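# Summary of structural features
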Amino acid sequence: MAKKYSKNLNRVQSMVDGTYGGKIQSGYTPEAEPERKVGDKWTDSDGIPWEQRDGYQVKGRLATSDITHQSWDRKCSMCESLILKPWDKDTHKADGRCYHCQLNYELDLKFDKPLRWFAYRRLKELQNMKSIEKEIIQWVDELEKQKQEKIFDMSVANAMANANVEMSIKKNT
Ligand SMILES: [Zn+2]
C-alpha cells in the first residue's frame, strides 16, 4: 500500500518535473497547444469545454461557457440523462436527479432501507425547517424593530409629557 502510494507520488512528481510523459509515453508526441490567455475558452476534441485561468486551466462545468454550463448542470446525477421535462427539473433542482431516478431512489430507501428513508425524510424536513426558520427570524426581527420604534415613540411622548408637567408646575408657582 505504502509502496503504491510512493509510486504514485513519484509519478506526480515527475509530471510536475515534466519527465513523466517522456519516460512512459515514449513515441507519443503531444500536439503543440496554442498559447492561451486568461479567460480564453475552447472545446476540445471530446466536446469538453475548457477555460484558461490565471496559471491553470479548468474544464467541464467549471469552464464558464454559458451554453455548455447549462447542459453540464442539468444532468441527472444518477443516469446522466439531460434534464428537460418540467417534472425532471423539479426533482433535479432539489436532489440533482431526474424524476425517474428520484422516484427509484426514494422507493429504494423506503422499502429496502427504512432507517435511511427515515434519515432522508428527516434531512428534507430540516432543510425545509431551515428556510422556515429564516423567515421566522426575519419576522421576529421585524417585530423587534417595530417594538423598538414604539418604545422610542413612548419615551419621546413621556419626555414631552414631563416637560409639559414641569412647565405647568412652573406656571402655577
Ligand atoms: Zn436519472
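Just above, that's the structure.
Residues numbered from 1 in each chain as written. Predicted model: local features only at pLDDT ≥ 70, side-chain atom pairs only at ≥ 80, totals over all residues. Heavy atoms only, no water.

## What about the coordination of the zinc ion?
The coordination sphere of the zinc ion contains the protein donors Cys-76 (SG), Cys-79 (SG), Cys-98 (SG) and Cys-101 (SG), at a distance range of 2.3 Å. Sequence spacing among the residues donating to the zinc ion works out to C-x2-C-x18-C-x2-C. Overall, the relative accessible area of 10% leaves Cys-101 in the buried class. (Donors = N, O, S within 2.8 Å, 3.2 Å for Na, K, Ca; no water. Buried < 20%, exposed > 50% of the residue type's maximum accessible area, 1.4 Å probe, protein only.)

## Re the sheet that holds strand β1 (residues 41-43)
Spatial ordering of the open sheet is given by β1-β2-β3, a layout of three strands whose pairing is antiparallel. At either end of the open sheet lies a strand with only one pairing partner, and these are β1 and β3 (56-59). Averaged over neighbouring strand pairs, the angle between their axes works out to 25 degrees when direction is ignored. (Pairing = 2+ DSSP bridges. Helix = DSSP H or I, 4+ residues; strand = E, 2+ residues; numbered from the N terminus. Axes fitted to C-alpha atoms, helices over the stretch in contact; angles between N-to-C directions.)

## Overview of the packing of aromatic side chains
Under the definition given, this model contains three aromatic pairs. Members of the aromatic cluster, joined through ring pairs, are Tyr-105, Trp-117 and Tyr-120. The ring of Trp-42 carries the charged tip of Arg-36 above its face, separated from the ring centre by 3.6 Å. Above the plane of the ring of Tyr-105 lies Arg-97, whose end atom (NZ or CZ) is 3.6 Å from the centre. (Phe/Tyr/Trp six-rings, centres within 6.5 Å; stacked < 30°, edge-to-face > 60°. Lys NZ or Arg CZ within 6 Å of the ring centre and 35° of its normal.)

Just distances and angles here, no functional claims.
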